[in-house]
Amino acid sequence: MVAELETTVCDGHSLKWFVAAGLFWLKYKEEDINQLNVFPVPDGDTGTNMWMTLKRAYDTVVHLDEPHVGAFSTKFANGALRSGQGNSGVILSQLISGFAESLKDQAVFDVRSLAKAYRHGVEAAYQAVLNPVEGTILTVARESAEALEQTVKTNNNLAEAFNTLLDAAKQSLARTPDLLPILKKAGVVDSGGQGLVFMLEGMHRVMRGEPVQMGHQAEAIAVESPSSTQPFAGADLSADDEDGYGFDVQFSIHGNQLDVA
């Protein structure tokens, strides 16, 4: 039995701790995520893209000693927006950006402001995608946000609310093959959604006082071993576009009073 973190608010120092745990757990599960990657193209890099996005964002705050949760979130989000790599990484950066925008003026957040910020992140992610597809990380984020919003109506404990958030994310992830035929055909869940779940799982582990994998010097922990085989081996995963796989080009545009929409 491990002791859960009993608290009703989170400051910038604690959020940095949680972000680091999510980052390390995502790295530990990177290849597991890559092996699930069949949508939008089966290029096996979703885990790497999400990890690199989060790692580069964390690099901008790793030496930051900031108790103000809004100031920390803003700095971290700016790093994420500059670092978004691949579809999943860009969506993750938008989730973080929307989350931070909601908290920018707050010294700490409680469960209700957490739910509001998480919802704001989901909305930002949906708006950033030209044609949002259900059965992806977007669905997992949205459905877990809905569950979080319900539980915070009667619960002010952050650890318990996070339990609900993670459980809902896992349940939503399990349903992704029912929403996206290519996932069902390949016999996998959505890779981006799995990446989000692993990130939340890392945060949840430190809330419960459990260790996470923190690099090569870390003590080994008892978790399931990454799969050594491709779960979608033999499936027809040909490109949807006639020209095959092209380039992923991203632009970072800065300015004042831009009509973003």
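Above: the structure in question.
Residues numbered from 1 in each chain as written. Predicted model: local features only at pLDDT ≥ 70, side-chain atom pairs only at ≥ 80, totals over all residues. Heavy atoms only, no water.

Caption draft 1: Representation of the overall build of the protein in the model. Of regular secondary structure, the protein possesses 10 helices and 0 strands. From first element to last, N terminus to C terminus, the protein shows the α and β order α-α-α-α-α-α-α-α-α-α. Within the protein, counting contacts between residues at least 6 apart in sequence, those at least 24 apart form 72% of the total. For the protein, the accessible area works out to roughly 13400 Å², and carbon and sulfur atoms hold 52% of it. (Helix = DSSP H or I, 4+ residues; strand = E, 2+ residues; numbered from the N terminus. Contact = heavy atoms within 4.5 Å. Areas by Shrake-Rupley, 256 points an atom, 1.4 Å probe, with all protein chains shown as cover.)

Caption draft 2: Structural detail: the nonpolar core. Formed by 60 residues in total, the largest nonpolar core has its most connected members in Phe76, Phe109, Tyr118 and Leu200. Secondary-structure elements contributing two or more residues to this core are helix H1 (12–28), helix H3 (46–59), helix H4 (69–83), helix H5 (86–103), helix H6 (111–128), helix H7 (137–151), helix H8 (158–179) and helix H10 (191–207). What phenylalanine 76 contacts, discounting residues up to four positions off in sequence, is Val19, Leu54, Ala57, Tyr58, Thr60, Val61 and Ile96. Ranked by size, the runner-up nonpolar core spans 6 residues in total, among them Val38, Leu183, Ala186 and Val188. (Core = buried A, V, L, I, M, F, W, Y, C linked by side-chain atoms within 4.5 Å. Buried < 20%, exposed > 50% of the residue type's maximum accessible area, 1.4 Å probe, protein only.)

Caption draft 3: Just empty space enclosed by the protein, in detail. Scanning the model with the defined rule gives 2 cavities of 30 Å³ or more in all. Put simply, the largest cavity is a space of about 430 Å³. Lining the largest cavity are 26 residues, with Leu15, Phe99, Tyr118, Met199 and Met203 positioned closest to its centre. Of all the secondary-structure elements, those providing two or more residues to the lining of the largest cavity are H1, H4, H5, H6, H8 and H10. Each residue belonging to the lining of the largest cavity can be placed in one class, and the counts come to 24 nonpolar, 2 polar and no charged. (1 Å grid on protein atoms, 1.4 Å probe; cavity = no way out; pocket = protein on both sides within 12 Å on 5 of 7 lines; lining within 4 Å. Points joined across faces, edges and corners; volume = space filled by probe spheres on them. Nonpolar A, V, L, I, M, F, W, Y, C, P; charged D, E, K, R; others polar.)

Caption draft 4: Seen up close, the pattern of salt bridges. Within this structure, the stated rule accounts for 11 salt bridges. In this structure, the salt-bridge partner of aspartate 59 is lysine 55, at a minimum N-O distance of 2.9 Å. Remark: lysine 55 and aspartate 59 occur in helix H3; sequence separation between them is 4 residues, near one turn of the helix. By relative accessible area, which is 27% here, lysine 55 ends up partly exposed. Its salt-bridge partner being lysine 184, residue aspartate 178 comes within 3.0 Å of it at the nearest N-O pair. In this pair, the class of aspartate 178 matches that of lysine 184, namely exposed. (Salt bridge = Lys/Arg side-chain N within 4 Å of Asp/Glu carboxyl O.)

Caption draft 5: Structural context of the packing of H3 against H10. Here H3 crosses H10 at 45 degrees, and the two axes come no closer than 9 Å. When the axis of H3 is compared with that of H10, the two are oblique. Judged by the sense of rotation from one axis to the other, the crossing of H3 with H10 is right-handed. Facing H3, whose interface residues are Thr46, Met50 and Leu54, H10 presents Ser191, Gly192, Gly195, Leu196 and Met199. Among the residues making up the contact of H3 with H10, the classes are represented as 4 nonpolar, 4 polar and no charged. (Axes fitted to C-alpha atoms, helices over the stretch in contact; angles between N-to-C directions. Parallel < 35°, antiparallel > 145°, perpendicular 65-115°, else oblique. Left-handed = near helix turned anticlockwise from the far one by under 90°.)

Caption draft 6: Fine view of the packing of H5 against H6. Here H5 crosses H6 at 135 degrees, and the two axes come no closer than 7 Å. In terms of their interaxial angle, H5 and H6 are classed as oblique. Here H5 runs over H6; the crossing is right-handed. Counting all contacts with H5, which are made through Ile91, Gln94, Leu95, Gly98, Phe99, Glu101, Ser102 and Leu103, the residues of H6 involved are Ser113, Leu114, Lys116, Ala117, Tyr118, His120, Gly121, Val122, Ala124, Ala125 and Ala128. For the contact of H5 with H6, the residue count by class is 11 nonpolar, 6 polar and 2 charged.

Interpretation in functional terms is not warranted from these geometric data alone.
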